[in-house]
Each structure stands twice: as C-alpha cells, then as structure tokens.
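For reference, the chains in residue letters:
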Amino acid sequence: MRLKDLKTANRRKVVDVVLNHGPLSRIEISKAAGLSPSTVTGLVSSLLEDGLLIETGNKALTAGRSRTELSVNRNLGVIATLEVGRRSVLLTFFDLMLEPVHSEAISRDSLEGNALLVAVCNAVDRALENSSMVGDLLGMGLLYQEGIRAEDCTVMYSTGIQDATISLKDALFTQYKIPIREEYSQGYTISQVLDEADQDVSNAAVISIGSEVVVSVKVDDALVSLKGGATADITPMVCGEAYCDKSDEYEGGCIEFLLSLGEEDRIACVSRAVVSLCSLFSLDRMLFFGPDEIVTDKFIQGIEHVLTAVFGPESPWLEWLRGRQLASSDVSKTCAADIRRATLLLE
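Residues numbered from 1 in each chain as written. Predicted model: local features only at pLDDT ≥ 70, side-chain atom pairs only at ≥ 80, totals over all residues. Heavy atoms only, no water.

Peer 1: So what about the nonpolar core? Which residues, and what values?
Peer 2: Among the nonpolar cores identified, the biggest contains 37 residues, and Met286, Phe288 and Phe299 are the most heavily contacted of them. Mapped by element, the contributors of at least two residues to this core are strand E11 (204-209), strand E12 (213-219), helix H7 (235-244), helix H8 (254-259), helix H9 (263-280), strand E15 (285-289), helix H10 (297-311) and strand E16 (317-320). Ranked by residue count, the leading element in this core is H9, at 8 residues. Sequence-distant contacts of Met286, defined by excluding residues within four places in its chain, comprise Ala205, Ile207, Val274, Leu277, Cys278, Pro316, Trp317, Leu318 and Glu319. Residues Phe93, Ile106, Leu116 and Tyr176 belong to the second largest nonpolar core, which totals 33 residues. (Core = buried A, V, L, I, M, F, W, Y, C linked by side-chain atoms within 4.5 Å. Buried < 20%, exposed > 50% of the residue type's maximum accessible area, 1.4 Å probe, protein only. Helix = DSSP H or I, 4+ residues; strand = E, 2+ residues; numbered from the N terminus. Contact = heavy atoms within 4.5 Å.)

Here it is, written out as structure tokens:
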C-alpha cells in the first residue's frame, strides 16, 4: 500500500473510532484503532486543523494520567433527513453528534413530483437561513415510508434545451451538490432486527409483511446485497399474478390482498416465497413481522409444516416478532448516522 493510501486508511480508522466510541483521549484512540501513539498524534493534529475533530475540554484518566478528550466537531455541518409518506413529509436536521436541531412537517398531505421537490427545497433553504444551525449542509437522506417507492417521486427537470424525468434523489443532488442517500424506513427496521438477532446465528432472514413484502438476509454475519440493496421487495413472489394484475384495487397493498384470502391460502402464498429463499440461502433462522391479523401462531406453524415437508430437519427455525417497529425518530437518526459516517470517512 502506498504511503498516501496508508495515511488515508489510518485517518479513516481514527475518525471511525471517534464516531463510534468518542469522546476519547489520544491514547484511547490509539488502542481502539490499533495504531501507534505517534501515528495517532500526527493524524489527530491534522484532523484538528481541518476542523473535523475538536478537543472537548474534558479530561480522561488513563493509566493514572489526565488526558484531553476528543470528539467530532458538531458545528462542522448538519445532515438532513426527509421522511416521505403517503400522508406527510417530515424534514429533520441533525448536528454531527446526531442531536436533532430542527424538525418540521413540510406537508400534512401527499405531495408528488415537482410539488414535492419545490416544497422540500423551500423548507431546506428556509431552515438553513433562519435557524440557529451552524455549518454547511453535508448530506441528505431520503426515507421512503411504507407504501412509497422511489419511482413514485420522479421530477420533471428542464435543462433549458429539453425536459427529462429524473428521480427526486438526482433532483436534490443537482440542487445542493451534496451526497443524497435513498433508503426505505422498513429496511432500517429489518436491518436492526438482523443486527439484534441471536449472536450464535450467522445465517438468517427477516420478512416484513406490510403494503409490500420485503426481505433482508444475512449470511456469515454479513448482509447480503439484494436487488433493492439491503432489502428486496418480494411482493410479486408472495402474492403472485392474481395480485400484481389488480394491485390498484387494493388500497392497503399486500396486506389488504392477503386479508382477503383464507388463512390456508395466506400460508400457501408466503410459503412459496419462503421455500424459494431457503433454496437460495442456507438459513438457520427466519423472522417474521407484520400485522397480528396475518402473522399468527397458526400462520407460523403452517409455514413450518411446509418447510419441514420440503427440507426436513434442515429447515430453519421460525419466529414471529410481535409488534416490532422502529420509531420514526430512530429511523431518521440511524439514516443520519449512516450519512455522517459516509461523509466524514469519504466513502
């Protein structure tokens, strides 16, 4: 590795350690990052000069000596998250210590396309100008809530020569020239469930039944990259052509369709997708969460019966996660943390 690349990699280690465990003294950073004290001293000096880290003024007692603690400079800039739902659009700003510094409901109604883009830009610009926030806007996260897809939020964009349809993500990047992260709120809930799963289980999947049915898989303790990123929409696999051909008739999406079926038919629909997943991945555990009207003890037992018939003793253990959902504020904060890390580590 070239010296310049090694220095960049070590700089990222230091920032990552402080992001995850700070505030820390230099010697604590050295131990946590696995770098020599002299290397850390040099890197910290550079990071202090760049304004990325600051000395907090607090002292940590290490090996009997008092040492100055370092943390991320919360005033370096802010991160915005935008939660786009069917009935509301919520904008929240976080400082770099992930403390919310401004929040407002942009709309209590559904907004689409250019109307959504204009409302978002007006709210962002107004907040940056009028609030007590310090620093530049460093990044933005788009969080699509259940029932909203990225393709629902396309924008007509004019170059002056011709018009084109682009995504809301691309339109906001064009406007602000900052990293824009696009995620689904449901995906964060699933990722957290996998992170919290039994540490002895390295191969697991989570299926969330909502207006869509989405899945996330980890193999050897690592999230598998699926078609939609960390999560994949498997609604067509579950509901089949009968739903896909008439999906507009079901305002509640997949939930409404499944509730229109008898329990045995619901079990058959979901089992079809579960068998496919177990054929693709060697899973030890499969977790379900969704409305109590669908995910019942009988529902889980029915799927277990199907899996046992197909895979025998090799079938995964199933669990029903009753009432599992991340609060909106937790989802926004988790998204902001991901943007902060990617921005500060230049990922």
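Peer 1: Tell me about H10, residues and numbers included.
Peer 2: Between its first and last C-alpha atoms H10 spans 21 Å; for 15 residues at 1.5 Å apiece the expected length is 21 Å, and the two agree. For H10, every residue scored as buried is listed here: Phe299, Ile300, Gly302, Ile303 and Leu307. In a view along the axis of H10, the buried residues occupy a sector of 160 degrees, so they form one face of it. Exposed residues lying more than 90 degrees from the buried face of H10 are His305 and Ala309. Against the buried residues of H10 lie E11, H9, E15 and E16. Looking at the residues trailing H10, positive phi occurs at Gly312, about 65 degrees. (Expected span 1.5 Å × (residues − 1). Arc of directions from axis to C-beta.)

Peer 1: Describe the sheet that holds strand E10 (residues 180-184), naming the residues involved and giving the relevant values.
Peer 2: Here we have 5 strands laid out as an open sheet, ordered E6-E5-E4-E7-E10, and mixed in their pairing. Each edge of the sheet is formed by a strand with only one pairing partner; in this case those strands are strand E6 (100-107) and E10. Taking the axes of each pair of neighbouring strands and ignoring which way they run, one obtains an average angle of 20 degrees across the sheet. Two elements, strand E4 (residues 77-84) and strand E5 (residues 89-95), share 7 bridges in a ladder whose sense is antiparallel. Paired with Ile79 across the two strands is Phe94, which belongs to E5. (Pairing = 2+ DSSP bridges. Axes fitted to C-alpha atoms, helices over the stretch in contact; angles between N-to-C directions.)

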